[in-house]
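The primary structure of each chain is shown beneath.
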Amino acid sequence: MYGTSLYSIEQAALVLKMVTPSLAPRRHPWTSLSSYTLILLVVVGSISCLIYSTAWIVMHHQYQATRPSYGPMNKMTSFYKNNEQHPGLAKSKDPISNHDTEELTSANMDDKRFPCIDKESPSATEIQQLLMNERRHLKITKPKNANNADYDYFKDMGLLYELVYAFVAEFQSNNIPIFLVFGSHIGARRHHGIIPLGDKDVDFAIFGLDNTQNKAIIRKVLHDRGLDTIKDTNFGYHVSTKLSHYFDFWLFEQHKKGEKEEVQCVGNQDDKGCADWYQRFHKPERQPPIFPSNNWFPPRYQMFGTHKVPIPNTSGDIDIHYSGGHWNTYCGDQKKNHPNSERLCSNFYGDYPFVFIKNDMTEELRQGSIILHQSPIAAPIHNTYVYSKKNNRKAPVSV
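Residues numbered from 1 in each chain as written. Predicted model: local features only at pLDDT ≥ 70, side-chain atom pairs only at ≥ 80, totals over all residues. Heavy atoms only, no water.

Caption draft 1: Focus on the pattern of salt bridges. Going through the model one piece at a time under the given rule, you end up with eight salt bridges. Between E162 and R225 there is a salt bridge; the shortest N-O distance is 3.7 Å. Pair noted here: E162 is in helix α5 (residues 153-173) and R225 is in the loop between α7 (211-223) and β3 (230-232), with a separation of 63 residues, a long-range link. Here R225 falls in the partly exposed class, since its relative accessible area comes to 28%. (Salt bridge = Lys/Arg side-chain N within 4 Å of Asp/Glu carboxyl O. Helix = DSSP H or I, 4+ residues; strand = E, 2+ residues; numbered from the N terminus. Buried < 20%, exposed > 50% of the residue type's maximum accessible area, 1.4 Å probe, protein only.)

Given below as structure tokens:
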């Protein structure tokens, strides 16, 4: 009887446990594992974390090895300090592809292949042929501002670079220092040419305030090519063309402040000058920045198209104006409706040419895996300059 009752109680308890499992006592699954199993799980987890961390570090270094050469940098950082590699410069793989590597290395390392523009300039036909020879393997992206249906990239660029070199040569022939500046300065450093991501103009800085002389030089270049459209602006002069890009000339002045020499955009003295432009297009209280003279002089000669032209000695003028100094990390429009993630230059490496720096300090222009050319890194050209009180600027002097 008692056995039967005990059996019935056990059966009832079992049924109750099955019907109401939530009332049954629970044991955490970890408590059912042995100490050896727990140790094994900890070891396996640690090894997995180590493998993941190592893979991330390797991928990060590979990305750093393939990013462009010059950035990011802080504001007003000297682009090259004492002719040494800037600590922000990344190094690319060598080689990145076997596409004509031997031919490119032997032919393009000769600096004579990329002459500096001095007082003479090449023709549009010559420039066009050089561009075609170099970029025949590329997929060419039509500039956004080229609206005509029969647009010819090589013809347009040939005529455009012809004007660039002619302006440089003519101003230098008149002993007026001229530099690529702002977006065109970025283009020279980052693309060895005009920025291909929607840029619409070529910007020059000229160190001469004589409007009559400046406009006579510009008109001579335009007249020789059947053009004659120049407009006075607050910052200097605007030259429109029938090509995909126009030209802006910014008037700069080099002046002494005590024992120091400084450089600043002053603009057209017959108008309101650069200060008016900065107040219109920047914060109202902003004035044109003042740079140490050695940010600009002596100039460097950098590839821009098929030839080398003068650029400022450091990246000071673009560090302070573009993307907080990260002009080589972010590309394209800086407007608020374009998030930084969409503007990463790395998004465009396969679509446009970018400059990379190799371990031997050689600049390499490539688009995707195609190497376009290699060139010795830009170095300052130490011309002889004297300070002229008469025109309040430095001018090159033959010795």
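Further notes follow.
Caption draft 2: Summary view of the side chain of H245. Relative to the helices and strands, H245 is located in the loop between β4 (236-239) and β5 (246-257). Looking at H245, the relative accessible area reads 4%, which means it is buried. A polar contact of 2.9 Å, which involves the side chain of H245, links it to the backbone oxygen of D199. (Polar contact = N/O pair within 3.5 Å; in protein donor to acceptor, adjacent residues only side chain to side chain.)

Caption draft 3: A look at the side chain of E162. Given a relative accessible area of 14%, E162 falls into the buried group. Apart from residues no more than four positions distant in its own chain, E162 is found in contact with P122, S123, A124, I127 and R225. (Contact = heavy atoms within 4.5 Å.)

Caption draft 4: Focus on the packing of aromatic side chains. All told, the structure shown has 26 aromatic pairs when counted by the stated rule. Consider the rings of F167 and F204, whose centres lie 6.1 Å apart with planes at 70°: the pair is edge-to-face. Here the residue F167 occupies a position in helix α5, and F204 occupies one in strand β2 (residues 201-206), the gap between them amounting to 37 residues. The class of F167 is buried, set by a relative accessible area of 0%. Centroid distance F179 to F207: 5.5 Å. Interplanar angle 70°. Geometry classified as edge-to-face. (Phe/Tyr/Trp six-rings, centres within 6.5 Å; stacked < 30°, edge-to-face > 60°.)

Caption draft 5: Structural detail: a nonpolar patch on the surface. A contiguous nonpolar patch, built from I39, V43, I47 and I51 and spanning about 370 Å² of accessible area, is present on the exposed surface. Its location among the elements puts I39 in helix α2 (residues 35-66). (Patch = residues over 30% accessible without salt bridge, like charges linked within 9 Å, V, L, I, M, F, W, Y side chains within 5 Å. Areas by Shrake-Rupley, 256 points an atom, 1.4 Å probe, with all protein chains shown as cover.)

Caption draft 6: Spotlight on the pairing of strand β10 (residues 354-357). In β10, alternate side chains face the same way, and those of F354 and F356 on one face and V355 and I357 on the other are all buried. Pairing of β10 with strand β11 (residues 362-367), which is carried by four bridges, proceeds in the antiparallel orientation. In the strand pairing of β11, F354 is matched with R366. In sequence, β10 turns back onto β11 through a hairpin of four residues, with M361 there showing a positive phi of about 65°. (Pairing = 2+ DSSP bridges.)

Caption draft 7: Fine view of unusual backbone geometry. Here the residue pair F297 and P298 is connected by a cis peptide bond, since its omega of -10° sits within 30 degrees of zero. The phi angle at N175 is positive, at roughly 60°, despite the residue not being glycine. Structurally, N175 can be placed in the loop between α5 and β1 (178-180). Phi angles above zero are rare outside glycine, and M361 is one such case at about 65°. Along the chain, M361 falls in the loop between β10 and β11.

Caption draft 8: Structural view of the environment of Q213. As for its placement among the helices and strands, Q213 is situated in helix α7. With 42 residues separating them in the primary sequence, Q213 and F171 have C-alpha atoms 9.8 Å apart.

Caption draft 9: Structural detail: helix α6 (residues 183-191). Of all nine residues in α6, nine are buried, a share of seventy percent or more. Among the residues of α6, those classed as buried are G183, S184, H185, I186, G187, A188, R189, R190 and H191. Just beyond α6, the residue with positive phi is H192, at close to 55°.

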